[in-house]
Amino acid sequence: MTKSPIELKDIQEAQKRIAPYIRNTPMIRFDYLSRETQKNIFLKCESLQITGSFKIRGAANCILENLAQSKKSGVVAASAGNHAQGVAAICHQLGIKSTIVMPEWTPAIKVQNTLAWGASVELVGKVYDDSYEHAMKLSQDQGLVFVHPFRDPKVMAGQGTIGLELTQTPLFENTEAVLVCVGGGGIATGIGTALKALRPGIRVYGVTAAHAPAAYKSFKTNTPTRETPSFTLAEGVATKGPDAFMLEALKYSIDDIFSLSEESIAHAVAILAEHGKLISEGAGALSVAAICENLVPEKNITAILSGGNIDIPALNMVLNRGMVEQGRLVRLIITVMDRPGGLNALTQVLAESGANISQIYHQRATLHSRVGEAEVEADIETRGSKHTEEIIKLLNSRGFKVTRVS
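1. Section: the sheet that holds strand E11 (residues 329-337)
Across the sheet, which stays open at both edges, the four strands sit in the order E12-E13-E11-E14 with antiparallel pairing between neighbours. The open sheet has two edge strands with one neighbour each: strand E12 (356-363) and strand E14 (401-405). Direction aside, neighbouring strands of the sheet carry axes that sit 25° apart on average. Looking at chain direction, E11 and E14 are connected through five bridges and run antiparallel. Of the residues in E14, the one forming a bridge with leucine 332 is arginine 404.

2. Re the layout of surface pockets
Computed from the structure, the largest pocket encloses a volume of approximately 270 Å³. In the lining of the largest pocket, the residues fall into nine nonpolar, three polar and three charged.

3. A word on the pattern of salt bridges
Taken as a whole and assessed by the stated rule, the structure comprises 20 salt bridges. Put simply, glutamate 46 and arginine 57 hold a salt bridge, and the shortest N to O gap is 2.8 Å. With glutamate 46 in the loop between strand E2 (40-45) and helix H3 (55-65) and arginine 57 in helix H3, this pair connects stretches of sequence that are eleven residues apart. With a shortest N-O distance of 3.0 Å, glutamate 104 and lysine 126 are connected by a salt bridge. Pair noted here: glutamate 104 is in the loop between strand E4 (98-102) and helix H6 (108-116) and lysine 126 is in the loop between strand E5 (120-123) and helix H7 (128-142), with a separation of 22 residues, a long-range link. Here glutamate 104 falls in the partly exposed class, since its relative accessible area comes to 43%. One salt-bridge network, held together by shared partners, links Lys44, Glu46, Arg57 and Glu165.

4. Details of empty space enclosed by the protein
Counted under the stated rule, the structure contains one cavity of 30 Å³ or more. A volume near 330 Å³ is recorded for the largest cavity. Lining the largest cavity we find 27 residues, and of these Lys55, Gly183, Gly184, Gly236 and Val237 sit closest to its centre. Within the residue set of the lining of the largest cavity, elements represented by two or more residues are helix H5 (82-94) and helix H9 (186-198). Across the lining of the largest cavity, the residue classes tally to twelve nonpolar, eleven polar and four charged.

5. Notes on a nonpolar patch on the surface
Where nonpolar side chains cluster on the molecular surface, the patch consists of Leu343, Ile357 and Ile360 and spans about 200 Å² of accessible area. Tracing the sequence through the fold places isoleucine 357 in strand E12.

6. Here's the deal with the nonpolar core
Formed by 61 residues in total, the largest nonpolar core has its most connected members in Phe30, Leu179, Leu286 and Val288. With seven residues, the single largest contributor to this core is helix H12 (residues 262-275). Once residues within four sequence positions are removed from consideration, phenylalanine 30 is found in contact with Ile41, Phe42, Leu43, Ile271, Leu272, His275, Gly276 and Val288. Listed in part, the 25 residues of the second largest apolar core include Ile56, Ala60, Ala77 and Ile96.

7. Looking at the sheet that holds E2
Ordered in space as E1-E2-E10-E7-E8-E9, the six strands form an open sheet in which the pairing is mixed. For this open sheet the edge positions go to strand E1 (27-29) and strand E9 (256-260), each flanked by a neighbour on one side alone. Here the average twist between neighbouring strands, direction ignored, is 25°. Looking at chain direction, strand E7 (residues 177-181) and strand E8 (residues 203-209) are connected through five bridges and run parallel. In the sheet register, cysteine 181 faces E8, and the bridge partner there is valine 207.

8. Section: the environment of leucine 295
Mapped onto the fold, leucine 295 is located in the loop between helix H13 (286-292) and strand E10 (300-305). Along the backbone, leucine 295 and alanine 374 are 79 residues apart, and their C-alpha atoms lie at a distance of 49 Å. If we ignore the near neighbours within four places in the chain, the residues touching leucine 295 are Phe258, Leu260 and Ala290.

9. Observations regarding the packing of aromatic side chains
This structure, assessed with the given rule, holds three aromatic pairs. Seen from the ring of phenylalanine 219, lysine 251 lies directly overhead, with NZ or CZ sitting 4.1 Å from the centre.

10. Points about the pairing of strand E13 (residues 373-381)
Within E13, seven of the nine residues are buried, leaving the element largely enclosed by the surrounding structure. Here E11 pairs with E13 via nine bridges, running antiparallel. The partner of leucine 329 across the bridge, within E13, is glutamate 381.

11. Here's the deal with the packing of helix H8 (residues 153-167) against H9
Taken N-terminus to C-terminus, the directions of H8 and H9 make an angle of 45°; their axes are 7 Å apart at the nearest point. Taken together, the axes of H8 and H9 are oblique relative to one another. Between H8 and H9 lies a crossing of right-handed hand. For the pair formed by H8 and H9, the contact residues are Met156, Gln159, Gly160, Ile162, Gly163, Leu164 and Thr167 on the first element and Gly186, Ile187, Thr189, Gly190, Ile191, Ala194, Leu195 and Leu198 on the second. Classifying every residue of the contact of H8 with H9 gives eight nonpolar, seven polar and no charged.

12. Focus: the side chain of histidine 148
Within the secondary structure, histidine 148 sits in the loop between strand E6 (145-146) and H8. With a relative accessible area of 9%, histidine 148 lands in the buried category. From its side chain, histidine 148 meets the backbone nitrogen of phenylalanine 150 in a polar contact 3.0 Å long. Filtering out sequence-adjacent residues up to four positions away, histidine 148 remains in contact with His83, Tyr128, Tyr132 and Val155.

Rules behind the numbers
Residues numbered from 1 in each chain as written. Predicted model: local features only at pLDDT ≥ 70, side-chain atom pairs only at ≥ 80, totals over all residues. Heavy atoms only, no water. Pairing = 2+ DSSP bridges. Helix = DSSP H or I, 4+ residues; strand = E, 2+ residues; numbered from the N terminus. Axes fitted to C-alpha atoms, helices over the stretch in contact; angles between N-to-C directions. 1 Å grid on protein atoms, 1.4 Å probe; cavity = no way out; pocket = protein on both sides within 12 Å on 5 of 7 lines; lining within 4 Å. Points joined across faces, edges and corners; volume = space filled by probe spheres on them. Nonpolar A, V, L, I, M, F, W, Y, C, P; charged D, E, K, R; others polar. Salt bridge = Lys/Arg side-chain N within 4 Å of Asp/Glu carboxyl O. Buried < 20%, exposed > 50% of the residue type's maximum accessible area, 1.4 Å probe, protein only. Patch = residues over 30% accessible without salt bridge, like charges linked within 9 Å, V, L, I, M, F, W, Y side chains within 5 Å. Areas by Shrake-Rupley, 256 points an atom, 1.4 Å probe, with all protein chains shown as cover. Core = buried A, V, L, I, M, F, W, Y, C linked by side-chain atoms within 4.5 Å. Contact = heavy atoms within 4.5 Å. Phe/Tyr/Trp six-rings, centres within 6.5 Å; stacked < 30°, edge-to-face > 60°. Lys NZ or Arg CZ within 6 Å of the ring centre and 35° of its normal. Parallel < 35°, antiparallel > 145°, perpendicular 65-115°, else oblique. Left-handed = near helix turned anticlockwise from the far one by under 90°. Polar contact = N/O pair within 3.5 Å; in protein donor to acceptor, adjacent residues only side chain to side chain.

This is the structure we're talking about:
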């Protein structure tokens, strides 16, 4: 592709237009990951944006450029959640009626937050593309202004204002590479266009989820590929893939693309929460996951933390998994005497060892234990793998038979 669908001046105009309605988000050094990788890792925290995601930027620019028609007829959009909240929030600020169509599996927090901004919400379809078709029908039938989440130059220009903010931040001065998530490709196109114009030596890498493989396959084969995504923690990038127009935009905007496993994404969400004190959704953590997997050769790296709208059950699952990975949450099956005081003797030893019981299940009738014995399945919190081994040794020394469940 010889040029981007947008130009630098489009992004600069968008920055002026949307400034009263969005937040210039902070850029910070991620000290923990910098130490772990022996690199300089910085985060552009769009998770701290109004609505918790970058999406309000593109939505605001598109609606403001179509303000008269939007006020007259109303707005409709299709979204897995973040674009929905962005459209709803800007419409709320401008007094415009909005209708949002979302996939049925959209996390509850994103649905609730969209409703809280005053939008009407319809849950239609299993994936974004199903919702998109329904939203387009509403637009045609009712004359609503359709705000596309990525395939619109006005939206791309709005997302590109992140790139302008980066170049206007002193911490960005030595950055050699930028990492950004790729779903539909709007944010990558916007940021890539801005940076190639202002800092042409910088490498821009896209990151997507292995369970949503179409964008990765399309980029690598240079052929538009359509493939229905499977469940992914990074539901914000779960599209069926780019068409020829968006693929060309991506080929211009990014230098390469990475595909990350669910385990890598979950790990990144967990370390951002524990070590960065930042809440990130799966798609938002993709950029950090790529750094954790050592996929980026450059030393000075800025990762776009694109969104923080993860629901509590998903976050709880990820954090518990992180504790398991670190050996701080373990499951033990322990044989105790089936008599009064047997369970109490076990809990006293666990207390003595410094273990905290997360949950416990006492089974008296099981073929896995002998007559007169009972099995106790206990999830315990420890200080790490070494502490866990100390606990097991102490239990064995007190006559308990212990099996660790991996």
